[in-house]
Amino acid sequence: MSTRVPRLVIAAPASGSGKTTVATGLMRAFADAGLAVSPHKVGPDYIDPGYHALATGRPGRNLDAYMCGPERVAPLFLHGAAGCDLAVVEGVMGLYDGASGQGELASTAHVAKLLRAPVVLVVDASSQSRSVAALVHGFASWDPEVRVAGVILNKVGSDRHEALLREALEESGVPVLGAVRRAAQVHTPSRHLGLVPVAERRSDAVDAVAEFAARVRQGCDLEALLALARSAPPLVEEAWTPALWAGVPQGDGGTSHAVQAMGEGGHNATTDPRPNGAPVIAVAGGPAFTFTYAEHTELLTAAGAQVATFDPLRDESLPPDTSAVVIGGGFPEMYAAELSANEPLRKAVAALAATGAPVAAECAGLLYLARSLDGKPMCGVLDADARMSERLTLGYREAVAIADNPLAAAGTRVRGHEFHRTVIEPAAGAAPAWGFTHPHRQVEGFVQGGVHASYLHTHWAGAPGAASRLVERARR
């Protein structure tokens, strides 16, 4: 069996070249033309997929060969792109930059090869003319398995500048598929961990995405780009399915689409047609907790849970009948005062944790469970204090679970990543969650009762059994 999905990978020689602007603009431009566009992002980044979702109306999905394994990249891609007319994959860093010290693993080039997808190179042309040909030639010839099939010139200064660039690239053999003019920058504010997420600036983000699309439509040959996408060969892999990965037999309802409905008290409940008694798993959302992967909710639902989202900034109680809580990453440091002021919810989370119910927290969730964050009271589940620091902690990690916890049995090996500018003091009475084995050895995180809290972000499509284990603990 093979599946044909028109697809493009949008890459660049280096970060800062304009990948996000061009990729998001292309997604929106093609969506505005009536195509169903599937958005994807190489690597672990949570923020760009939010802009992709805004551009396409579909969940932004990550393709991470390090955390999920190379063998799952194409299946996860096919899962996300099912029923779509076109898939656009935004790369990460420079085209050939991958996991530190591990060759091409998890690079944009690696993912492009796994997807057998043509690559369009976005080049910042603002400070060069004829040299652009040498740059493109080098990237196109470096790895013959990577098909660099077109160039989009970004930050072009004038008609004369564009003519010089196009003339030079005629010698490279790589066609120019677009030239986006240098202009006053679209307002896309950043801070210590990158762009400000869509959830924090939705109206401004809508305008920014529309401007990205307008610039792409004006400067790019959309027909040629679509023809290039349609030249990609069929994929022979089987699509990944949450039901099978969660261990749910086909026909058990696990593959049904979730139905969104507003629950009591403003909670956003995700339900599906399951027998009464499905455990309610509350998942934190809202502006302070935006870092999550689309597959996590799908896996929890497939494993038999009823997923209900809550916003720790505004909801004063957990969703009714909550049996477990998942608190992902985000920016609680930007909302510490508001989170602290919501004392009823902080007490509700602490009370649930005190019963031994499963609580899984990553990064921002870890900070929220602490006694304090930058001196402001948090939930107090962990006897530990967190604070902002000057040091950025960033990178992939290999880890082994030290103690049994709601997500993994002791000895389970996982791959994840860290991305934070905070530190937390050790929590008295808690065991470490993980022992890092790469790139350096250390223990990290906390396991206490039913609580698993850690800086380590994991992708459950690369962590067999995590969602099912959490749901089973919630059933108890």
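Rules used in this analysis
Residues numbered from 1 in each chain as written. Predicted model: local features only at pLDDT ≥ 70, side-chain atom pairs only at ≥ 80, totals over all residues. Heavy atoms only, no water. Helix = DSSP H or I, 4+ residues; strand = E, 2+ residues; numbered from the N terminus. Buried < 20%, exposed > 50% of the residue type's maximum accessible area, 1.4 Å probe, protein only. Contact = heavy atoms within 4.5 Å. Areas by Shrake-Rupley, 256 points an atom, 1.4 Å probe, with all protein chains shown as cover. Lys, Arg positive; Asp, Glu negative; His and termini not counted. Charge placed at Lys NZ, Arg CZ, Asp CG, Glu CD. Salt bridge = Lys/Arg side-chain N within 4 Å of Asp/Glu carboxyl O. Polar contact = N/O pair within 3.5 Å; in protein donor to acceptor, adjacent residues only side chain to side chain. Expected span 1.5 Å × (residues − 1). Pairing = 2+ DSSP bridges. Axes fitted to C-alpha atoms, helices over the stretch in contact; angles between N-to-C directions. Core = buried A, V, L, I, M, F, W, Y, C linked by side-chain atoms within 4.5 Å. Arc of directions from axis to C-beta. pLDDT = per-residue confidence, 0-100.

Q: Sorry, what's going on with the overall build of the chain here?
A: A count of helices and strands for the chain gives 14 helices and 24 strands. Dimensions of the chain, computed from the C-alpha atoms along their principal axes, are close to 70 × 50 × 40 Å. Sorting the 476 residues of the chain into buried and exposed places 56% on the buried side. Expressed as a percentage of contacts within the chain between residues at least 6 apart in sequence, the contacts between residues at least 24 apart total 74%. Roughly 18600 Å² of accessible area belongs to the chain as shown, and the carbon and sulfur atoms make up 52% of that amount. Across the chain, 40 positive and 48 negative side-chain charges occur, with their mean positions spaced 2 Å apart.

Q: Before we go on, may I ask you to explain the pattern of salt bridges in this structure?
A: A pair can form between side chains of opposite charge whenever their charged atoms are brought close. Scanning all chains against the criterion turns up 24 salt bridges. Two residues, Glu298 and Arg61, come together in a salt bridge whose shortest N-O distance is 2.7 Å. Separated by 237 residues along the polypeptide, Glu298 in helix H10 (residues 294-302) and Arg61 in strand S3 (residues 61-63) bring together distant segments of the chain. Note on Arg61: relative accessible area 8%, which makes it buried. Here Glu171 and Arg130 are joined by a salt bridge, their closest N and O atoms 3.8 Å apart. Of this pair, Glu171 sits in the loop between helix H6 (159-169) and strand S7 (176-181) while Arg130 sits in the loop between strand S5 (119-124) and helix H5 (131-142), and the two are 41 residues apart along the sequence. Note on accessibility: Glu171 and Arg130 belong to one class, exposed. Here the salt bridges do not stand alone but share partners, grouping Asp159, Glu162, Arg166 and Arg181 into one network.

Q: Just to check I follow, could you spell out the side chain of His452 for this structure?
A: As for its position among the elements, His452 is in strand S23 (residues 451-454). For His452, a relative accessible area of 3% corresponds to the buried category. Beyond its immediate stretch of four places on either side in the chain, His452 contacts Val359, Ala360, Ala361, Asn405, Pro406, Leu407, Ala433, Trp434, Phe446 and Val447.

Q: Sorry, what's going on with the environment of Ser141 here?
A: Note on placement: Ser141 falls in helix H5. Of the polar contacts made by the side chain of Ser141, one reaches the backbone oxygen of His137; its length is 2.7 Å.

Q: Help me understand helix H1 (residues 19-32) in this model?
A: Over its 14 residues, H1 extends 20 Å from the first C-alpha to the last, a length consistent with the 20 Å expected when each residue adds 1.5 Å. Of all 14 residues in H1, 10 are buried; the element is thus mostly enclosed. Along H1, the positions that sit buried rather than exposed are Lys19, Thr20, Val22, Ala23, Thr24, Gly25, Leu26, Met27, Ala29 and Phe30. Following H1 by one or two positions, Gly34 adopts a phi angle in the positive range, close to 100 degrees.

Q: Just to check I follow, could you spell out the sheet that holds strand S1 (residues 7-11) for this structure?
A: Adjacent strands of a sheet pair through backbone hydrogen bonds, lying either parallel or antiparallel. Taking strand neighbours across the sheet as the criterion, the seven strands line up as S3-S2-S4-S1-S5-S6-S7 in an open arrangement whose pairing is parallel. Both outer strands of the open sheet, S3 and S7, are each paired with one neighbouring strand and no more. For this sheet the average axis-to-axis angle between neighbouring strands, irrespective of direction, equals 25 degrees. Relative to strand S4 (residues 86-90), S1 runs parallel, the two being bridged by four bridges. Paired with Arg7 across the two strands is Ala87, which belongs to S4.

Q: Would you take a moment to explain the pairing of S1 for this structure?
A: In summary, the side chains of a regular strand alternate between the two faces of the sheet. Along S1, five of the five residues are buried, which leaves the element largely enclosed by surrounding structure. Looking at chain direction, S1 and S5 are connected through three bridges and run parallel. Bridge pairing links Val9 to Val119 in S5.

Q: When you look at the nonpolar core in this model, what are you seeing that I'm missing?
A: Generally speaking, a soluble globular protein has its nonpolar side chains buried in company with each other. Ranked by internal contacts, the top residues of the largest apolar core, which has 105 residues, are Phe77, Leu153, Ile281 and Leu300. Beyond its immediate sequence surroundings of up to four residues, Phe77 is in contact with Val5, Arg7, His40, Leu63, Ala87, Val89, Leu115 and Leu235.

Q: Help me understand the side chain of Ser340, please; the structure alone is not making it clear to me.
A: Within the fold, Ser340 resides in helix H11 (residues 336-341). Residue classification places Ser340 among the buried positions, given a relative accessible area of 13%. At 2.9 Å, the side chain of Ser340 and the backbone oxygen of Pro377 are in polar contact. Among all residues touching Ser340, those that are not within four sequence positions of it are Arg346, Lys376, Pro377 and Met378.

Q: How should H6 be read in this particular structure?
A: Residue pairs spaced three or four apart in an α-helix point in one direction, given the helix's 3.6 residues per turn. Of all the positions in H6, only His161, Glu162, Leu165, Ala168 and Leu169 are classed as buried. Along the long axis of H6, the arc covered by the buried residues comes to 130 degrees, so they all point the same way. Opposite the buried face of H6, by more than 90 degrees, sit the exposed residues Asp159, Arg160 and Glu167. In the core, the buried residues of H6 are packed alongside H5, strand S6 (148-156) and S7.

Q: What exactly am I supposed to notice about the confidence of the model for the chain here?
A: In low-pLDDT regions, the fine details of the predicted coordinates are not to be read closely. On average, residues of the chain score 91 in pLDDT, and 91% of them are at 70 or above. Below pLDDT 50 for its whole length, residues 249-266 participates in 30 contacts with residues either more than four positions away or in separate chains. Across residues 269-275, confidence stays below pLDDT 50; counting only partners more than four residues off in sequence or on other chains, it has 27 contacts.

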